[in-house]
Amino acid sequence: MSTLARNQWYVAAYGREIGQELFSRTVCGESILFWRTRPGEVTAVSDRCVHRRFPLSQAPTRLVDDQVVCGYHGFTYGSDGRCVAVPGQARVPRTARLSSYPVVEQDSFVWVWIGEPERADATRIPRAPWLDRAGWTTVSGMEPLAARYGLLVDNLLDLSHETYLHGGYIGTPEVAGTPITTEVDEDAGVVYVSRHMDDADCPPFYARSTGLSGRISRWQDIEYTPPCLYLLHSRIAPVGSVPHPDGSDPDAFHVEVVYAITPETEHSTHDFWAVARDFAPADQEVSDFLAEQNRTVVLQDVAALDVLERVVATDPPGSQELSINIDTGGLAARRMLARLTESPEAAPAAVGSC
Ligand code: FES
Ligand SMILES: [Fe+2]
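Residues numbered from 1 in each chain as written. Chains lettered and ligands numbered in written order. Predicted model: local features only at pLDDT ≥ 70, side-chain atom pairs only at ≥ 80, totals over all residues. Heavy atoms only, no water.

### What to know about the coordination of the iron ion (ligand 2)
Okay, so step 1: Protein coordination of the iron ion (ligand 2) is provided by His161 (NE2), His166 (NE2), Asp301 (OD) and Asp301 (OD), with donor distances spanning 2.1 to 2.4 Å.
Okay, so step 2: Mapped onto the sequence, the donors of the iron ion (ligand 2) take the spacing H-x4-H-x134-D. Taken together, the residues His161 in the loop between helix 1 (149-157) and helix 2 (162-165) and Asp301 in helix 5 (residues 284-314) connect sequence positions 140 residues apart. Like Asp301, His161 is buried. (Donors = N, O, S within 2.8 Å, 3.2 Å for Na, K, Ca; no water. Helix = DSSP H or I, 4+ residues; strand = E, 2+ residues; numbered from the N terminus. Buried < 20%, exposed > 50% of the residue type's maximum accessible area, 1.4 Å probe, protein only.)

Okay, structure coming up:
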């Protein structure tokens, strides 16, 4: 049985990746062809010609006036996927049509709906508004992961690994040493995991970007909306500083770390990462530093998870794990993902259902 939840929205790309040329990305095992039409809309259709399944993203396939001309025998498609011309005959077969996918461009991401198109509801796409909000500055990227996406979900829901896997970057002893609180909103389909460190070492990631040093108050508030969107609301402030009763928080630095976790196949994942901040907005040095640091941290995860995938894939069936308190959020996420995959009718309304 597939471990992938269909009838869901997934991030397929950043908007900046898609221009007026053919672009292919595989989501949930489906090769999808994207381009930006001349009016500026992103369109998504199957990357397989209906004739002999030639990948339309491959040269010499061309995009001519928003029509795709297959580079093998010339079947020609409009941006809705409908075939408008075939070689050697005037009549275009009625069934000559590429599958098309609902697409929404939002918060700098291109979201694509995998599953039954008539069930796509754009209002259910979770939001990450900081990524293109005025007053915030964002760095971002995407790293390919040769591991199933559930391993990345486990990884991100349990940040105690920062102390060990990311020491010298974002990990300090206090991360693993501080208990978490976990809440699950079954109706909304969201898992929350919080860790508030009121007197912690300032890791290099935050020391160099904020200018704080020594001991800090460091809050990590995770909000995961299965299957795709993970938010880490990170607050860094001098020890003793708390938000004001009116909600303002002038002494703190805020970083929104966003991950979009998109299965490429059953055993590989697109690891989209973004770091948005509300300080030093125009400081290119801070942007370059955070981009380089976060990419390094992501690649540390990628290296570990690629190894873990090989182990998980080859160990005997039924091999045991042992879970402890730090795994509470990850286990809740696994349960939600299992429901989305195996018992789709039980899926929370807010994240859609099959
Ligand atoms: S495979 Fe595309 S036209 Fe033949
Ligand atoms: Fe990590």
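### Quick word on the sheet that holds strand 5 (residues 62-64)
Okay, so step 1: Taken in spatial order, the 4 strands line up as 5-6-7-8 in an open sheet, and their pairing is antiparallel. Of all the strands in the sheet, the pair left with one neighbour each is strand 5 and strand 8 (83-85).
Okay, so step 2: Pairing of strand 6 (residues 67-69) with strand 7 (residues 76-77), which is carried by 2 bridges, proceeds in the antiparallel orientation. From the neighbouring strand, Val68 faces strand 7, where its bridge partner is Tyr77. (Pairing = 2+ DSSP bridges.)

### As for the side chain of Ser31
Okay, so step 1: By the secondary structure assignment, Ser31 is in strand 3 (residues 30-36).
Okay, so step 2: Residue classification places Ser31 among the buried positions, given a relative accessible area of 17%.
Okay, so step 3: Among the polar contacts made by the side chain of Ser31, one reaches the side chain of Thr26 at a distance of 3.3 Å.
Okay, so step 4: In this structure Ser31 touches Arg25, Thr26, Val45, Ser46, Asp47 and Arg48, once residues within four positions along its chain are discounted. (Polar contact = N/O pair within 3.5 Å; in protein donor to acceptor, adjacent residues only side chain to side chain. Contact = heavy atoms within 4.5 Å.)

### Description of the pairing of strand 2 (residues 23-27)
Okay, so step 1: For strand 2, the buried fraction is high: 4 of the 5 residues fall into the buried class.
Okay, so step 2: Two strands pair when backbone bridges link them, and strand 2 and strand 3 are joined in this way by 5 bridges, in the antiparallel orientation. Bridging from a neighbouring strand, Val27 pairs with Glu30 of strand 3.
Okay, so step 3: Here strand 2 hands over to strand 3 after 2 residues, with Cys28 in that stretch at a positive phi of 50°.

### Things to note about empty space enclosed by the protein
If you roll a probe as big as a water molecule over the atoms, it shows you where there is empty space left.
Okay, so step 1: Inspection of the entire model under this criterion finds 3 cavities of 30 Å³ or more.
Okay, so step 2: Put simply, the largest cavity is a space of about 160 Å³.
Okay, so step 3: For the largest cavity, the lining is made up of 18 residues, of which Glu162, Ile170, Leu232, Val257 and Tyr259 are closest to its centre.
Okay, so step 4: Mapped onto the lining of the largest cavity, the elements with two or more residues apiece are helix 1, helix 4 (204-210), strand 14 (215-225), strand 15 (229-238), strand 16 (253-265) and helix 5.
Okay, so step 5: Broken down by element, the lining of the largest cavity gets its largest block of residues, 3 residues, from helix 5.
Okay, so step 6: Looking at side-chain class alone, the lining of the largest cavity contains 10 nonpolar, 5 polar and 3 charged residues. (1 Å grid on protein atoms, 1.4 Å probe; cavity = no way out; pocket = protein on both sides within 12 Å on 5 of 7 lines; lining within 4 Å. Points joined across faces, edges and corners; volume = space filled by probe spheres on them. Nonpolar A, V, L, I, M, F, W, Y, C, P; charged D, E, K, R; others polar.)

### Looking at the packing of helix 1 against helix 6 (residues 328-342)
Okay, so step 1: Contact geometry of helix 1 with helix 6 gives a least axis separation of 8 Å together with a crossing angle of 145°. The handedness of the crossing between helix 1 and helix 6 is right-handed. The residues of helix 6 that touch helix 1, namely those facing Tyr149, Val153, Asp154 and Leu157, are Gly329, Gly330, Ala333, Arg334 and Leu337.
Okay, so step 2: Among the residues forming the contact of helix 1 with helix 6, the class breakdown is 5 nonpolar, 2 polar and 2 charged. (Axes fitted to C-alpha atoms, helices over the stretch in contact; angles between N-to-C directions. Left-handed = near helix turned anticlockwise from the far one by under 90°.)

### Some remarks on the pattern of salt bridges
Pairing is possible between side chains of opposite charge, provided their charged atoms come close.
Okay, so step 1: Inspection of the entire model under this criterion finds 21 salt bridges.
Okay, so step 2: Between Glu116 and Arg119 there is a salt bridge, and its shortest N-O distance comes to 4.0 Å.
Okay, so step 3: For Arg334, the salt bridge identified is with Asp154, shortest N-O distance 2.7 Å. Residue Arg334 is located in helix 6, and its partner Asp154 is located in helix 1; the two are separated by 180 residues in the primary sequence.
Okay, so step 4: Linked through salt bridges whose partners overlap, the residues forming this network are Glu174, Asp199, Asp201 and Arg215. (Salt bridge = Lys/Arg side-chain N within 4 Å of Asp/Glu carboxyl O.)

### As for the domain arrangement of the protein
Okay, so step 1: Its domain assignment divides the protein into domain 1 (8-122) and domain 2 (128-351).
Okay, so step 2: In this structure, domain 1 and domain 2 have C-alpha centres spaced 32 Å apart.
Okay, so step 3: With 18 residues of domain 1 in contact, the opposing surface of domain 2 contributes 23 residues.
Okay, so step 4: Carbon and sulfur atoms supply 59% of the area buried between domain 1 and domain 2, which totals about 1,500 Å² over both sides. (Domains from an automatic or database assignment. Buried area = accessible area lost by both parts, 1.4 Å probe.)

### Focus on a nonpolar patch on the surface
Okay, so step 1: On the surface, a cluster of nonpolar side chains totalling about 270 Å² of accessible area is made up of Val307, Leu308, Val311 and Val312.
Okay, so step 2: Topologically, Val311 is positioned in helix 5. (Patch = residues over 30% accessible without salt bridge, like charges linked within 9 Å, V, L, I, M, F, W, Y side chains within 5 Å. Areas by Shrake-Rupley, 256 points an atom, 1.4 Å probe, with all protein chains shown as cover.)

### Let's talk about helix 6
Okay, so step 1: Its 15 residues place the ends of helix 6 21 Å apart at the C-alpha level, agreeing with the 21 Å of an ideal helix rising 1.5 Å per residue.
Okay, so step 2: Turning to helix 6, its buried residues number three or more, namely Gly329, Gly330, Ala332, Ala333, Met336, Leu337, Leu340 and Thr341.
Okay, so step 3: Buried residues along helix 6 sit in contact with strand 1 (8-14), helix 1, strand 12 (181-185), strand 13 (190-201) and strand 14. (Expected span 1.5 Å × (residues − 1).)

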